[in-house]
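Each chain, written out:
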Amino acid sequence: QVQLVESGGGLVQAGGSLRLSCAASGSIFSGNAMAWYRQAPGKQRELVARITSGGSTNYADSVQGRFTISRDNAKNTVTLQMNSLKPEDTAVYYCSALIGYTYARIGSWGQGTQVTVSL
């Protein structure tokens, strides 16, 4: 029933790194783009990074050059390597599947994983 499971969050000091992982079911992962979103308290969920089935990537301006999204199609997993973390990166991070050239989001949200960056 659970289609997406995020893990890897934690508490890290500014400048540190974390690696987030998302395990997806084959039905939601196969042939689709995948994305990471984040939501800070009192804020809307925002798109952080996405990767197509072929490996093309896009990033939010706020994380460009610091975060790297990748995927393993054999394992149905998507990862987000986060370097040079800032307090502004503090949020709950979620993964999701996207379909078509419009990258429409599909499926249910997972529980997310908390990332907290201290000064």
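All figures in this text were calculated on a predicted structure; none of them were measured in a lab.

## Regarding the side chain of Thr113
Mapping Thr113 onto the fold places it in strand β11 (residues 113-118). A distance of 2.9 Å separates the side chain of Thr113 from the backbone nitrogen of Gly9, its partner in a polar contact. With residues near it in sequence (within four places) discarded, Thr113 still touches Glu6, Ser7, Gly8, Gly9, Leu20, Ala91, Val92 and Tyr93.

## A look at the state of the cysteines
Per the counting criterion, the structure on display carries 1 disulfide. Here Cys22 connects covalently by a disulfide to Cys95, the sulfurs 1.8 Å from one another. Between Cys22 and Cys95 the disulfide shows an S-S torsion of about 50°. By sign, it is right-handed. Placement of the pair is Cys22 in strand β3 (residues 18-24) and Cys95 in strand β9 (residues 91-99), with a sequence separation of 73 residues. In this pair, the class of Cys22 matches that of Cys95, namely buried.

## Looking at the pairing of β11
Every other side chain in a regular strand lies on the same face of the sheet, so the side chains alternate between the two faces. What you see with β11 is a clean split: Thr113, Val115 and Val117 sit on the buried side and Gln114, Thr116 and Ser118 on the side with no burial. The pairing of strand β2 (residues 10-13) with β11 spans 4 bridges and is parallel. Residue Gln13 lies in a different strand from β11, and its bridge partner there is Ser118. By the bridge criterion, 3 bridges tie β9 to β11 in an arrangement that is antiparallel. Residue pairing across strands places Tyr93 opposite Thr113, the latter belonging to β11.

## A short note on the sheet that holds β3
The strands that make up a sheet pair up through hydrogen bonds in the backbone, lying either parallel or antiparallel. Read from one edge of the open sheet, 4 strands run β1-β3-β8-β7, paired in antiparallel fashion. Of all the strands in the sheet, the pair left with one neighbour each is β1 (4-7) and β7 (67-72). In this sheet, neighbouring strand axes are inclined to one another by 15° on average, regardless of whether the strands run parallel or antiparallel. The pairing of β1 with β3 spans 4 bridges and is antiparallel.

## Focus on the nonpolar core
One finds Trp36, Val78, Leu80, Met82 and Tyr93 to be the most contacted residues of the largest nonpolar core, which totals 28 residues. Put simply, the parts of the chain that give this core at least two residues each are β3, α1 (26-29), β4 (33-39), β5 (46-51), β7, β8 (77-82), β9 and β11. Once residues within four sequence positions are removed from consideration, Tyr93 is found in contact with Glu6, Leu20, Trp36, Tyr37, Arg38, Val48, Phe67, Leu80, Met82, Gly112, Thr113 and Val115.

So, how was this worked out
Residues numbered from 1 in each chain as written. Predicted model: local features only at pLDDT ≥ 70, side-chain atom pairs only at ≥ 80, totals over all residues. Heavy atoms only, no water. Helix = DSSP H or I, 4+ residues; strand = E, 2+ residues; numbered from the N terminus. Polar contact = N/O pair within 3.5 Å; in protein donor to acceptor, adjacent residues only side chain to side chain. Contact = heavy atoms within 4.5 Å. Disulfide = S-S within 2.5 Å. Buried < 20%, exposed > 50% of the residue type's maximum accessible area, 1.4 Å probe, protein only. Pairing = 2+ DSSP bridges. Axes fitted to C-alpha atoms, helices over the stretch in contact; angles between N-to-C directions. Core = buried A, V, L, I, M, F, W, Y, C linked by side-chain atoms within 4.5 Å.

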